[in-house]
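# Residue-level structure breakdown
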Amino acid sequence: MMGLDWSILDWGEIGLASWDTLRMMGWSLLFTVVFGLPLGVLLFLTSRRQLLQNNWLNRALSFIANVLRSLPFLILLVVMIPLTAWLVGTSLGVEGAIPPLVVGATPFFARLVENALREVDRGVIEAVQSLGATRWQIVWKVLLPEARPGLLAALTVTAITLVSYTAMSGVIGGGGLGDLAIRYGYQRFQTEVMIVTVVILIVLVQLLQMLGDWLVARVSKK
Amino acid sequence: MIRLENLEKTFIVDGRSVPALRGISLDVPAGEVFGIIGRSGAGKSTLIRMLNLLERPDSGRIVIDGQDVTSLSETALRGMRQQVGMVFQHFNLLSSRTVAENVRLPLELIRSGSRAEQNARVDELLELVGLAAHRDKYPSQLSGGQKQRVGIARALANRPKLLLCDEATSALDPQTTQSILDLIADINKQLKLTVVLITHEMGVIRRIADRVAVIDGGRIVEIGPVAEVFLHPQQSATQSMVAELSHADELEDSGLLDSASGAVWRLTFVGATTHEPILFDTAHRYGLSFSLLQGTVSRLKDLPYGQLVVEWQGETDKLAAAREGLAARNVVVEVLR
């Protein structure tokens, strides 16, 4: 490669940025599951012919999820700055990136959860109903365990989406690899930094996908 | 055990109302194996699902064990369902749970006893259905018959008084069907359990049911002891289902009836008569000769029966005497020609 000077790379800073990306992804994934899983279960249960069928609630939840999903993440980042500042005290750095990441990923994950639950055999739910199970028991003992492979696949896709979102949050000074790529690779024309961050992101996504596939295979008993 | 009074149910499909059940009334005494047979779409599935209120009737009463279940609160309904086991055509096992965990599920749902007590009950049930060796396998590793055994064990876990079988053998091959039916018959005797089963196969009814209701177009068109309904079907819906099993329609197709020169009778007999040499006796005593056009000798549950189509050659008065002689031996004679 002509004209590239790898000695300008500050590996300490790259390491720190990678760690920031992992932290952003980890924390936002955690909160995305905390909010998205119940939302997905509720979306499923309130839909037609399901245990808590409620057209009004279902439409309302669906509408909110769609609105949030139709906003480009970049816009969401900017729109949320006041809310983020109020929530975590800053709209910068790793902390500042987490709220918009969670808000961006939660409706996405909830939809994936809803789809995974739809894959559960209706007959199985009916069989457990015939055994006198409560709705709560059906969710905990049937729906979630039976959908486990689908839920783990949803988690994998969401984690990978979050990695790409974290890179975007670099635009508003969110920290992490995206921030590094924009500040050095783009604004200072340091192509070397751009290449390294891209390679790290690719490796990270590959690792996440492999881990996800392995987990899905492990829990799948079909 | 079960009393159904005037059940009505109409489904709304694409804005049109489709009647599923129309004025269904019947009684099933405790300990009986009661069969409901009908073609697909006849309403039998809707009917059996009403017995544990997976489907609610539009009107009518469902009384189980003296209790009108249509008026139960949600909690009381769950309690009732725990007393009613159900077995499904497609088994409906949890794929994420092992055999033992599937059977333990109903016990977990009502938090019955300690984990050790639950496991002891699970082992007992797996022993009963002959799956003790497979307790830690997952359903995907089992054959259809084995899966249905798990389904039966699960249905029995809470010691129900009533077992509902929704086309329990329809997804199984004939041999496996036989072994599952034997198991259900066994359970009925051993545990003194009332069994209600629905099927579209007369063979299933013949093997294990005591009484049968024939349902057609949402109505019960015929009901009675299996031997009666099976051997002397009155309604065309019943006749066509019985014909499938007894190959009666083949006789018409074969042209044997038309080419017969003598008198053709269908003889039907049940119980001890089955073991008697009635054809030989009749021919010998009245000086007739005969040829056999078609015949079935089999069992209705534990009752041996036979149905023979016989062509007789002989004088008219001797034929008349033979007919009386056969009737005196409890053989039902139908003159086909």
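Conventions and cut-offs
- Residues numbered from 1 in each chain as written.
- Chains lettered and ligands numbered in written order.
- Predicted model: local features only at pLDDT ≥ 70, side-chain atom pairs only at ≥ 80, totals over all residues.
- Heavy atoms only, no water.
- Helix = DSSP H or I, 4+ residues; strand = E, 2+ residues; numbered from the N terminus.
- Buried < 20%, exposed > 50% of the residue type's maximum accessible area, 1.4 Å probe, protein only.
- Contact = heavy atoms within 4.5 Å.
- Areas by Shrake-Rupley, 256 points an atom, 1.4 Å probe, with all protein chains shown as cover.
- Lys, Arg positive; Asp, Glu negative; His and termini not counted.
- Charge placed at Lys NZ, Arg CZ, Asp CG, Glu CD.
- Buried area = accessible area lost by both parts, 1.4 Å probe.
- Salt bridge = Lys/Arg side-chain N within 4 Å of Asp/Glu carboxyl O.
- Nonpolar A, V, L, I, M, F, W, Y, C, P; charged D, E, K, R; others polar.
- 1 Å grid on protein atoms, 1.4 Å probe; cavity = no way out; pocket = protein on both sides within 12 Å on 5 of 7 lines; lining within 4 Å.
- Points joined across faces, edges and corners; volume = space filled by probe spheres on them.
- UniProt positions renumbered as here; feature names shortened; annotations may be inferred.
- Patch = residues over 30% accessible without salt bridge, like charges linked within 9 Å, V, L, I, M, F, W, Y side chains within 5 Å.
- Domains from an automatic or database assignment.
- Polar contact = N/O pair within 3.5 Å; in protein donor to acceptor, adjacent residues only side chain to side chain.
- Pairing = 2+ DSSP bridges.
- Axes fitted to C-alpha atoms, helices over the stretch in contact; angles between N-to-C directions.
- Parallel < 35°, antiparallel > 145°, perpendicular 65-115°, else oblique.

## Observations concerning the overall build of chain A
Helix and strand content of chain A: 10 helices and zero strands. Taken from N to C terminus, the helices and strands of chain A fall in the order α-α-α-α-α-α-α-α-α-α. Based on the C-alpha atoms only, the size of chain A along its principal axes is roughly 70 × 40 × 25 Å. Counting over 222 residues, chain A shows a buried share of 47%. In chain A, of all internal contacts separated by at least 6 residues, the share reaching a separation of at least 24 is 75%. Summing over all exposed atoms, chain A offers an accessible surface of approximately 11400 Å²; the carbon and sulfur share of this is 68%. Side-chain charges in chain A split into 16 positive and 13 negative, and the spacing between the mean points of these groups amounts to 16 Å.

## Some details on the overall build of chain B
Within chain B, the regular secondary structure consists of 13 helices and 14 strands. Once the C-alpha set of chain B is aligned to its principal axes, its extents read approximately 80 × 50 × 35 Å. When each of the 337 residues of chain B is scored for burial, the buried share is 52%. For chain B, restricting intrachain contacts to residue pairs at least 6 apart in sequence, the fraction spanning at least 24 positions comes to 70%.

## Here we look at the interface of chain B and chain A
Across the contact, 24 residues belong to chain B and 21 residues belong to chain A. Together chain B and chain A conceal approximately 2100 Å² of surface at their shared face, both sides included; 55% is due to carbon and sulfur atoms. Our enumeration of links across chain B and chain A arrives at three salt bridges. Among the elements of the structure, α2 (74-82), β6 (84-88) and α3 (99-109) of chain B are those that each provide at least two residues to the side of chain B that touches chain A. Of the residues contributing to the side of chain B that touches chain A, the split by class is 10 nonpolar, six polar and eight charged.

## Structural notes on empty space enclosed by the protein
All names here are of chain B. In total, this model carries four cavities of 30 Å³ or more according to the counting rule given. In this structure, the largest cavity occupies an estimated 50 Å³ of space. Forming the walls of the largest cavity are Cys 165, Glu 167, Ala 168, Thr 169, Leu 181, Ile 184, Leu 197, Ile 198, Thr 199, Val 204 and Ile 208. If you list the elements that add at least two residues to the lining of the largest cavity, you get α6 (174-190), β8 (194-199) and α7 (202-208). If you tally residues by element for the lining of the largest cavity, the top one is β8, at three residues. Grouping the amino acids of the lining of the largest cavity by side-chain chemistry returns eight nonpolar, two polar and one charged.

## Side note on the layout of surface pockets
Empty space within the largest pocket amounts to approximately 1000 Å³. In this structure, the largest pocket is lined by 25 residues; those nearest its centre are Arg 49, Arg 122 and Gln 129 of chain A together with Arg 49 and Leu 54 of chain B. For the lining of the largest pocket, the secondary structure elements donating two or more residues are α6 (122-130) and α7 (135-146) of chain A together with β1 (2-13), α1 (44-50) and α2 of chain B. Class assignment of the residues belonging to the lining of the largest pocket gives a composition of nine nonpolar, five polar and 11 charged. Roughly 390 Å³ of volume is contained in the second largest pocket. Glu 146 and Lys 222 of chain A together with Leu 93, Leu 94 and Ser 95 of chain B are the residues nearest the centre of the second largest pocket, which is lined by 24 residues in total.

## Overview of the UniProt feature "domain: ABC transmembrane type-1" (unreviewed entry) in chain A
In the numbering used here, UniProt assigns the "domain: ABC transmembrane type-1" (unreviewed entry) feature to residues 18-212 of chain A. Along residues 18-212 of chain A the backbone is 82% helical and 0% strand, and the end-to-end C-alpha distance reaches 20 Å.

## Digging into a nonpolar patch on the surface
Side chains of Trp 27, Leu 30, Phe 31, Val 34 and Phe 35 of chain A sit close together on the surface and give an oily, nonpolar patch of about 500 Å² of accessible area. A relative accessible area of 47% means that Val 34 of chain A is categorised as partly exposed.

## So, the domain arrangement of chain B
Residues and elements named next belong to chain B. Each assigned domain of chain B is listed with its residue range as follows: domain 1 (2-234) and domain 2 (249-335). Between domain 1 and domain 2, the contact holds 13 residues from the first and 11 residues from the second. Contact between domain 1 and domain 2 buries roughly 880 Å² in total, counting both sides, with carbon and sulfur atoms accounting for 59%. The largest per-residue losses of area from domain 1 upon contact with domain 2 belong to Arg 206, Leu 231 and His 232, which jointly make up 55% of the total buried on that side. Linking domain 1 with domain 2 are one salt bridge. Two residues, Asp 210 and Lys 301, come together in a salt bridge whose shortest N-O distance is 2.8 Å. Where domain 1 packs against domain 2, one counts four residue pairs in polar contact (both at pLDDT 80 or more).

## What about the pairing of strand β13 (residues 303-313) of chain B?
Residues and elements named next belong to chain B. Along β13, nine of the 11 residues are buried, which leaves the element largely enclosed by surrounding structure. Pairing of strand β11 (residues 263-270) with β13, which is carried by eight bridges, proceeds in the antiparallel orientation. What sits directly across from Val 270, in β13, is Tyr 305. Between the end of strand β12 (residues 289-300) and the start of β13, which pair antiparallel, lie two residues, with Lys 301 showing a positive phi angle near 55°.

## As for the packing of helix α1 (residues 11-45) of chain A against α7 of chain A
Axes are the key here: two packed helices are described by the angle between their axes and the distance separating the axes. All names here are of chain A. Running from amino to carboxyl end, α1 crosses α7 at an angle of 95°, the nearest separation of the two axes being 13 Å. Taken together, the axis directions place α1 and α7 in an arrangement best described as roughly perpendicular. Contacts between α1 and α7 pair Leu 37, Val 41, Phe 44 and Leu 45 from the former with Val 139, Leu 143 and Leu 144 from the latter. Class assignment for the residues of the contact of α1 with α7 results in seven nonpolar, no polar and no charged.

## Topic: unusual backbone geometry
Residues and elements named next belong to chain B. Not every positive phi belongs to a glycine, and Asp 14 is a case in point at roughly 50°. We classify Asp 14 as exposed; its relative accessible area is 77%. Positive phi, normally seen in glycine, also occurs at Asp 65, with a value near 55°. For Asp 65, the location among the structural elements is in the loop between β4 (59-64) and β5 (67-68). The partly exposed category is assigned to Asp 65, whose relative accessible area is 43%.

## A short note on the sheet that holds strand β14 (residues 332-335) of chain B
Residue and element names in this part refer to chain B. One open sheet holds the four strands; their spatial order is β12-β13-β11-β14, and the pairing between them is antiparallel. In this open sheet, the two strands that pair with only one neighbour each are β12 and β14. For this sheet the average axis-to-axis angle between neighbouring strands, irrespective of direction, equals 15°. As paired strands, β11 and β14 are joined by four bridges and run antiparallel to one another. Of the residues in β14, the one forming a bridge with Thr 268 is Val 332. Most of the contacts of helix α12 (residues 278-286) go to β13, to which it runs at about 35°, and overall it touches β11, β12 and β13.

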